[in-house]
Each structure stands twice: as C-alpha cells, then as structure tokens.
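Spelled out, the chains give:
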Amino acid sequence: QLSGFIEKGEKPLFISLGSMHHNVQQINQTFEIFREAIDLATERAIIQISGLESRNMPDNILPVKNVPYVWLLNKVSLVVHHFGFGTTAEVLKAGLPSIPVPHIFDHYKLANKLHRSGVAHKPLNLHKLTARHLAAAITNTKKDIRMKERLSGVSKAILKEKGLQNAVDLIEKHFNIQ
C-alpha cells in the first residue's frame, strides 16, 4: 500500500509528530489542520501520528504506523516533523527540506538553530498552528532553492562521516578493548 501510494504521483510530503502522545481530541484537531493544509498546498502526504485512526482518509493522505526512515526519506519531497534528534538527523542525512513543529524544549532549540543555519523553515508553534500557515510554509519551503543547496552540502558531509566506526574506536580506546 505504501509503495503504491508513493508511485501514484509526485513525491509526497512526510508528516511525523514522532512518538509524542496526545489525547484523541488533540490528535483529531492536529490531523484536520494537516489535512486542510495538504489540500491548500495541493499536495499528497504520508502521515505518522501516534494514535491516529486510519479510517475515512482522503485519497491524498496515507497514514502509517512504523516505516524505516532510511527507505522512506528518499521517496518524499519535504518533511514536517517535531524535530527530535533522531528524525532530524535522518532528514538532514537525506538532504530534505523540513518544517519544524516542535513539542518540547530540545525540539525548539534544535529547530531554531537549524532555521538560523538556513537548512529548515522557521519553527511553527503546534498550539497556534493553522492550515493556512502550514500550507504557506510547505509551498515556500518547497520553492526555497538556497535551502536545498545548503541541505545538499549538509547531506554530503554527513554521508562522508564514519560515525559508527568513530564511536566503536572511542569505546575500544576508553575500555582498552583490542
């Protein structure tokens, strides 16, 4: 179903609020904002929101529960997400433009830092989010050539890193493992 949705047209957006738990009313309100914004921006989207019911979905939205980001992020055009460290790292590694919708302190700090660096849209406040603001952010971010150029450089730098090997080397050195 996911592969078929992706192949049906232009690359969709990916919207993820991570594993943050919200009550059913918040989930439904947030989904309605996202649904309307996706329509206003004339986009398709894959949505991952913990607790979202997948019944009665419009044709341009596909809800998912778990999906490997390494696989998915090469198949989407833009990511709207909470800006947790793990998701942000994968989005930067993929060189994708993103729109922060932070939830907690470290999300806001990371989102603001990356926005100032020119590799992310200005953070949007989840509690003041409107469909029109999100649709405008989607449209503007997709058109931002400078952001895409910066992200290409960031992605190339990340892909050159040998992070796992460096971590193993540090652990072996620290614990005198041969």
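First, a word on what this report is: a plain description of the structure on this page. (Residues numbered from 1 in each chain as written. Predicted model: local features only at pLDDT ≥ 70, side-chain atom pairs only at ≥ 80, totals over all residues. Heavy atoms only, no water.)

**Thoughts on the packing of helix 4 (residues 85–94) against helix 7 (residues 145–160)**
Closest axis-to-axis distance for the helix 4/helix 7 pair is 6 Å, and the angle between their directions is 105°. Comparing the axis directions of helix 4 and helix 7 gives the class roughly perpendicular. Between helix 4, through L92, K93 and A94, and helix 7, the contact on the second element is made entirely by L151, V154, S155, I158 and L159. (Axes fitted to C-alpha atoms, helices over the stretch in contact; angles between N-to-C directions. Helix = DSSP H or I, 4+ residues; strand = E, 2+ residues; numbered from the N terminus. Parallel < 35°, antiparallel > 145°, perpendicular 65-115°, else oblique. Contact = heavy atoms within 4.5 Å.)

**Observations concerning the nonpolar core**
Ranked by internal contacts, the top residues of the largest apolar core, which has 27 residues, are F34, I47, I99 and L134. If you list the elements that add at least two residues to this core, you get strand 1 (13–16), helix 2 (24–40), strand 2 (45–48), strand 4 (78–81) and helix 6 (131–143). With 15 residues, the next largest nonpolar core counts F5, I46, V67 and Y69 among its residues. (Core = buried A, V, L, I, M, F, W, Y, C linked by side-chain atoms within 4.5 Å. Buried < 20%, exposed > 50% of the residue type's maximum accessible area, 1.4 Å probe, protein only.)

**Quick word on the environment of A89**
Among the secondary structure elements, A89 is positioned in helix 4. Take A89: its relative accessible area is 38%, and that puts it in the partly exposed class. Spatially, the C-alpha atoms of A89 and S155 are 9.7 Å apart, while their sequence positions differ by 66 residues.

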